[in-house]
Amino acid sequence: MNIEDLAESWEVTGSAERFAGRVISVRTDTVKMPGGVVADRDYVVHPGSVGVVALDDDDRVLLIRQYRHPVRRLLWELPAGIRDVPGEPLVDCAARELAEEAAYRARTWHTLLDIHTSPGMSSESIRIFLARDLEPIPDEENVFVHQHEEIDMPVMWIPLAAAVGKALSGMIHNSVAVAGILAAYAASADGFKGLRPADAPEA
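Engineer: I tried to follow the sheet that holds strand S1 (residues 12-20) on my own but got confused; where do I start?
Structural biologist: By way of backbone hydrogen bonds, the strands of a sheet pair with one another, either parallel or antiparallel. Strand order in the open sheet formed by 3 strands is S1-S2-S3, with antiparallel pairing between adjacent strands. Two strands close off the open sheet at either side, each with one partner strand: S1 and strand S3 (38-45). Each adjacent strand pair in this sheet contributes to an overall mean axis angle of 20 degrees, direction not counted. Here strand S2 (residues 25-32) runs beside S3; their pairing, made up of 8 bridges, is antiparallel. Following the sheet pairing, Ser25 is matched in S3 by Val45.

Written out as structure tokens, the structure reads:
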């Protein structure tokens, strides 16, 4: 049997929206299971996100620290954001997040990973990009205004191998950061030759 995730949709015999917020909603679907029985499945409907592993010429990865209220922690994360512009290419969304959150731009982009962060409870899909050949955005060009959690959001550079150690020792918890760091480290073994192009279809 081929080890590859496949698109599949079981019959939904009923659906109800339980909550609708600014970004997410919560639904209960009644799903027809094998054997003909049905069961209710509650889940968060999410528009999807992007994340960026920004790697400089010294093999350092850019991390930002952000307060995350649901887990009551300051987390070290990758630049990331919601897919909130309909029809926008995902790499453009990622470039915008890198510019807004970290004030950097990149000349070289590749697709690193496609992940579902919590598929048992959320529809969120995240594409994580590898961004290289970086340059800082001059202050006079950076017009993005940080608000809320982003006001106090320091940017740090850490060697990629050290970031792997931080993830494996439980010092970095954000799932996108952990996945992206480990994937970038693995992909570096062949000089990133095995990565998909930035505009590759979502897998």
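Moving on from the model shown.
Engineer: Got a minute to help me understand the pairing of strand S8 (residues 104-116) in this structure?
Structural biologist: Along any regular strand, the residues point their side chains to alternate faces of the sheet. Relative to strand S9 (residues 125-136), S8 is paired through 11 bridges, and the arrangement is antiparallel. What sits directly across from Ala106, in S9, is Leu134. Relative to strand S11 (residues 196-197), S8 runs antiparallel, the two sharing 2 bridges. Among the inter-strand pairings, His110 is bridged to a residue of S11, identified as Pro197.

Engineer: Just to check I follow, could you spell out the sheet that holds strand S4 (residues 49-54) for this structure?
Structural biologist: Overall, mixed pairing links the 5 strands, which are arranged S7-S4-S9-S8-S11 in an open sheet. Since the sheet does not close on itself, it has two edges, and those belong to strand S7 (80-82) and S11, each with one partner. Of the strand pairs in this sheet, S4 and S9 are connected by 6 bridges, and their pairing is parallel. Residue Gly51 lies in a different strand from S9, and its bridge partner there is Ile128. Across the sheet, helix H1 (residues 90-102) is in contact with S4, S7, S8 and S9; its angle to S8 comes to roughly 115 degrees. The sheet contacts of helix H3 (residues 175-187) involve S4, S8 and S9, and relative to S8 the element is tilted by about 110 degrees.

Engineer: Honestly, H1 in this entry has me stumped. Any pointers?
Structural biologist: In an α-helix there are 3.6 residues to a turn, and that puts residues three or four apart on one side. Under the 1.5 Å per step criterion, the end-to-end length of H1 is 18 Å for 13 residues, consistent within 8% with the ideal 18 Å. Most of H1 sits out of view: 10 of its 13 residues are buried. The elements touched by buried residues of H1 are S4, strand S5 (60-68), S7, S8, S9 and strand S10 (155-159). Directly beyond the C-terminal end of H1, a positive phi value near 60 degrees is found at Ala103.

Engineer: Even after reading the chapter, I still don't get H3, so can you show me in this structure?
Structural biologist: Helix length check: H3 (13 residues) gives 18 Å between terminal C-alpha atoms against 18 Å at 1.5 Å per residue, within 8%. Within H3, the full set of buried residues consists of Val176, Ala177, Gly180, Ile181, Ala183, Ala184 and Ala187. Check the buried side of H3 and you find it contacts S4, S5, strand S6 (73-77), S8, S9 and helix H2 (160-168). Its side-chain oxygen 3.1 Å from the backbone nitrogen of Val176, Asn174 forms the N-cap of H3.

Engineer: Looking at this model, I keep getting lost on the packing of aromatic side chains. Mind explaining?
Structural biologist: What characterises a pair of aromatic rings is the spacing of the ring centres plus the angle enclosed by the ring planes. Within this structure, the stated rule accounts for 2 aromatic pairs. Measuring from ring centre to ring centre gives 5.3 Å for Tyr104 and Trp157, while their planes differ by 80 degrees; the resulting arrangement is edge-to-face. Of the two residues, Tyr104 sits in strand S8 while Trp157 sits in strand S10, which places them 53 residues apart along the sequence. Overall, the relative accessible area of 19% leaves Tyr104 in the buried class.

Thresholds, definitions, all that
Every chain is numbered on its own, with residues counted from 1 as its sequence reads. Local features are withheld for residues below a pLDDT of 70 in this predicted model, meaning they are given only at 70 or higher, and side-chain atom pairs are given and counted only at 80 or more; totals for whole chains, interfaces and linings count all residues. Calculated side-chain values reflect all of the structure's heavy atoms, with hydrogen atoms and water omitted. At least two DSSP bridges between two strands are needed for those strands to be called paired. For the purposes of this entry, the term helix denotes a DSSP run of H or I that reaches at least four residues, the term strand denotes a run of E that reaches at least two, and both are numbered from the N terminus. Lines fitted to C-alpha atoms define the axes here, with helix axes fitted over just the stretch in contact, and angles between the N-to-C directions of these axes take values from 0 to 180 degrees. We call two residues in contact when some of their heavy atoms are within 4.5 Å. Multiplying 1.5 Å by the residue count of a helix minus one yields the expected span of that helix. Exposure is judged per residue with a 1.4 Å probe applied to protein chains only, and the accessible area is read against the type maximum: over 50% gives exposed, under 20% gives buried, and values in between give partly exposed. Whenever a nitrogen or oxygen atom comes within 3.5 Å of another N or O atom, the pair is scored as a polar contact, on the condition that within protein one atom can donate a hydrogen and the other can accept it, and that pairs from neighbouring residues in sequence are kept only if both atoms are in side chains. The pairing test for Phe, Tyr and Trp rings, Trp by its six-membered ring, is centres within 6.5 Å, and the orientation test on the planes gives stacked under 30 degrees, edge-to-face over 60, and tilted for anything in between.

Treat this as a map of the structure, not an account of what it does.
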